[in-house]
Amino acid sequence: MNTSSSSSFSSAPPRVLSRIAVLATGGTIAGSAHDATRTAGYQAGVVGVAQLLAAVPALSTLANIHAEQVASIDSKDMSLALWTTLVQRVNALLATDAVDGIVITHGTDTLEETAYLLHLTVQSTKPVVLTAAMRPSTALSADGPLNLLNAVSVAANRAAHGQGVLVAFNNRIHSARDVVKTSTFAVDAFHSPEVGALGWVQDERVEFLRGVLRPHTVSTGLTIEPVAADGWPMVEIVASYAGATRLQVDALVQAGVRGIVVAGTGNGSMHVSLQQALADALARGVAVVRASRVGSGHVMHNGAAPDDALGFVTANSLNPYKARVLLMLALAAGHAGPAELQRAFDLF
Ligand code: ASP
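Per an unreviewed UniProt entry, the chain is named L-asparaginase, and its organism is Paraburkholderia solisilvae. Check the Sequence similarities (unreviewed entry) section of the UniProt entry for the chain; it says "Belongs to the asparaginase 1 family."

Dropping the structure here:
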């Protein structure tokens, strides 16, 4: 009888590690300050992906990592061109047998927009997980290394398959559709208003408490191809507030805007001057989507005025920034007219 624990260990099959591609784009997670006590005065997007990975040696026990530096930006400067590149790169990597999942490091400022874009356009059920940090990599108690470790844990976990694009941040796992940045400075900076997180990740343990019901990734019928071929349709956001005027809308129509999302008051309501300008824009073929500036809740389609009467579409529970992403993709895919666009907003 073999009682040697070492020989029984050596006969155990080797653990097969997931192959995870880490795509770095910049952000505070790659930020650097002159002084470790500085968490606000720093430069985002300057630390390379190799250094980010080197700060978390435990990653090598979780996954075989393939790293790429896709960009080095502050995500406030995210561009439509970089969005196209990023989605194409994610799809190309996931189409190979050599990659089981993807982690994207990103700035927090536009993370929710990029995550939702990917959620609608990734052509795979393999995990795609975005993460970020609120404190630069040089800070005391920097949150980036643990967020990165947790994101890789999620991407390497079977349970993350088929859940759409995910955001792993501060130990929680969020759906890309629902997650929003809710703090300018706290490390607990992301929440999913109304619905809450999907689950949590801690010490390599990944638990999902609920699933994602709405269509995403391979089941949306939306892809990046139309914008890659023809460019992004011009879609802008205007806000309603006390004393709002029609000036911005008129200027946008003049500039050839294809769609306008309104960050409305309350249930997507808007100043009467703005509403008149948008009705005029609609009459000239501009798609108009009512969203809310409130931060939680939804904007219900109104069978009376202004929606059915004027042809406004409502954003459901997407905030204005996510509604813009969906409107751009829907317009690029050739969806036209309030009824067809409303179907997209009710579905996704
Ligand atoms: N401005 C930074 C960015 O979005 C903020 C952050 O990452 O926390 O890139």
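This brings us to the packing of helix H4 (residues 80-94) against helix H5 (residues 111-121). Packed helix pairs are specified by the crossing angle of their axes together with the interaxial distance, meaning the distance between the axes. Contact geometry for H4 and H5: axes closest at 11 Å, N-to-C directions at 45°. Taken together, the axes of H4 and H5 lie oblique to each other. As for the relative orientation of H4 and H5, their crossing is right-handed in sense. Only Glu-113, Thr-114, Leu-117, Leu-118 and Thr-121 of H5 make contact with H4, whose side of the interface consists of Trp-83, Leu-86, Val-87, Val-90 and Asn-91. Classifying every residue of the contact of H4 with H5 by side-chain character gives six nonpolar, three polar and one charged.

Here we take up the side chain of Lys-322. Position of Lys-322 relative to the elements: it lies in helix H11 (residues 320-332). One buried charge, Lys-322, has no salt-bridge partner; the nearest side chain with opposite charge is Glu-112, at 5.6 Å. Lys-322 has contacts with Glu-112, Tyr-116, Ala-176, Arg-177, Asp-178, Val-179 and Val-180, leaving out every residue within four places of it along the chain.

Let us look at the pattern of salt bridges. For the coordinates displayed, the defined rule picks out eleven salt bridges. Among the ionic pairs, Lys-181 bridges to Asp-109, the shortest N-O distance being 3.0 Å. Highlighted residues: Lys-181 in strand E7 (residues 180-181) and Asp-109 in the loop between strand E3 (101-105) and H5, separated in sequence by 72 residues. You can call Lys-181 partly exposed: its relative accessible area is 24%. Assessed through its relative accessible area of 39%, Asp-109 is described here as partly exposed. Arg-177 serves as the salt-bridge partner of Asp-178, at 3.0 Å between the closest nitrogen and oxygen.

Along the polypeptide, Thr-245 turns up in the loop between strand E11 (235-239) and helix H8 (247-255). Using a relative accessible area of 39% as the deciding quantity, one classes Thr-245 as partly exposed. Leaving out residues up to four positions away in the same chain, Thr-245 has contacts with Ser-273 and Leu-274. A polar contact of 3.3 Å, which involves the side chain of Thr-245, links it to the backbone nitrogen of Leu-247.

The computed volume of the largest pocket comes to approximately 640 Å³. Lining the largest pocket are 33 residues, with Arg-177, Pro-193, Gly-297, Ser-317 and Leu-318 positioned closest to its centre. Counting residues per element, the lining of the largest pocket draws most heavily on H11, which supplies three residues. Class assignment for the residues of the lining of the largest pocket results in twelve nonpolar, twelve polar and nine charged. Along the wall of the second largest pocket there are 17 residues; nearest its centre are Thr-28, Tyr-42, Met-134, Lys-181 and Thr-184. Its residues placed into classes, the lining of the second largest pocket shows six nonpolar, seven polar and four charged.

Attention now moves to the nonpolar core. If you look at the biggest cluster of nonpolar residues, it comprises 56 residues, and the most contacted ones within it are Val-90 and Ile-102. Among the elements that make up this core, the one with the highest residue count is H11 (eight residues). Filtering out sequence-adjacent residues up to four positions away, Ile-102 remains in contact with Ile-20, Ala-21, Leu-23, Val-90, Leu-93, Leu-94, Pro-127, Val-128, Val-129 and Ala-155. Core analysis: the second largest hydrophobic core is formed by 28 residues, Val-22, Leu-52, Ala-151 and Val-152 among them.

The next thing to look at is the environment of Trp-83. Within the secondary structure layout, Trp-83 lies in helix H4. For Trp-83, a relative accessible area of 3% translates into the label buried. Sequence separation between Trp-83 and Thr-105 is 22 residues; the distance between their C-alpha atoms is 14 Å. Setting aside chain neighbours within four positions, we find Trp-83 in contact with Met-78, Glu-113, Thr-114, Leu-117, Trp-232, Val-325 and Met-328.

Summarising the element assignment, Ser-124 is placed in the loop between H5 and strand E4 (128-131). Judged by its relative accessible area of 9%, Ser-124 is buried.

Taken together, Gly-27, Thr-28, Asp-74, Ser-75, Gly-107, Thr-108, Asp-109 and Ala-133 form the complete shell of residues around the ligand. Backbone polar atom of Ala-133 to an oxygen atom of the ligand: 3.1 Å apart, as the coordinates give it. With the chains in place, 93% of the 270 Å² that the ligand exposes on its own is no longer accessible. Here the residues of the shell around the ligand sort into one nonpolar, five polar and two charged.

Packing of H8 against helix H9 (residues 272-283) leaves a shortest axis separation of 8 Å and a crossing angle of 15°. Between H8 and H9, the angle is such that the two are roughly parallel. When you trace H8 past H9, the crossing you get is right-handed. Residue-level inspection shows Val-249, Asp-250 and Val-253 of H8 in contact with H9, the latter providing Leu-274, Ala-277, Leu-278 and Ala-281. Considering only residue class, the contact of H8 with H9 consists of six nonpolar, no polar and one charged.

Basis of the calculations
Residues numbered from 1 in each chain as written. Predicted model: local features only at pLDDT ≥ 70, side-chain atom pairs only at ≥ 80, totals over all residues. Heavy atoms only, no water. UniProt positions renumbered as here; feature names shortened; annotations may be inferred. Axes fitted to C-alpha atoms, helices over the stretch in contact; angles between N-to-C directions. Helix = DSSP H or I, 4+ residues; strand = E, 2+ residues; numbered from the N terminus. Parallel < 35°, antiparallel > 145°, perpendicular 65-115°, else oblique. Left-handed = near helix turned anticlockwise from the far one by under 90°. Contact = heavy atoms within 4.5 Å. Nonpolar A, V, L, I, M, F, W, Y, C, P; charged D, E, K, R; others polar. Buried < 20%, exposed > 50% of the residue type's maximum accessible area, 1.4 Å probe, protein only. Lys, Arg positive; Asp, Glu negative; His and termini not counted. Salt bridge = Lys/Arg side-chain N within 4 Å of Asp/Glu carboxyl O. Polar contact = N/O pair within 3.5 Å; in protein donor to acceptor, adjacent residues only side chain to side chain. 1 Å grid on protein atoms, 1.4 Å probe; cavity = no way out; pocket = protein on both sides within 12 Å on 5 of 7 lines; lining within 4 Å. Points joined across faces, edges and corners; volume = space filled by probe spheres on them. Core = buried A, V, L, I, M, F, W, Y, C linked by side-chain atoms within 4.5 Å. Near = heavy atom within 4 Å. Areas by Shrake-Rupley, 256 points an atom, 1.4 Å probe, with all protein chains shown as cover.

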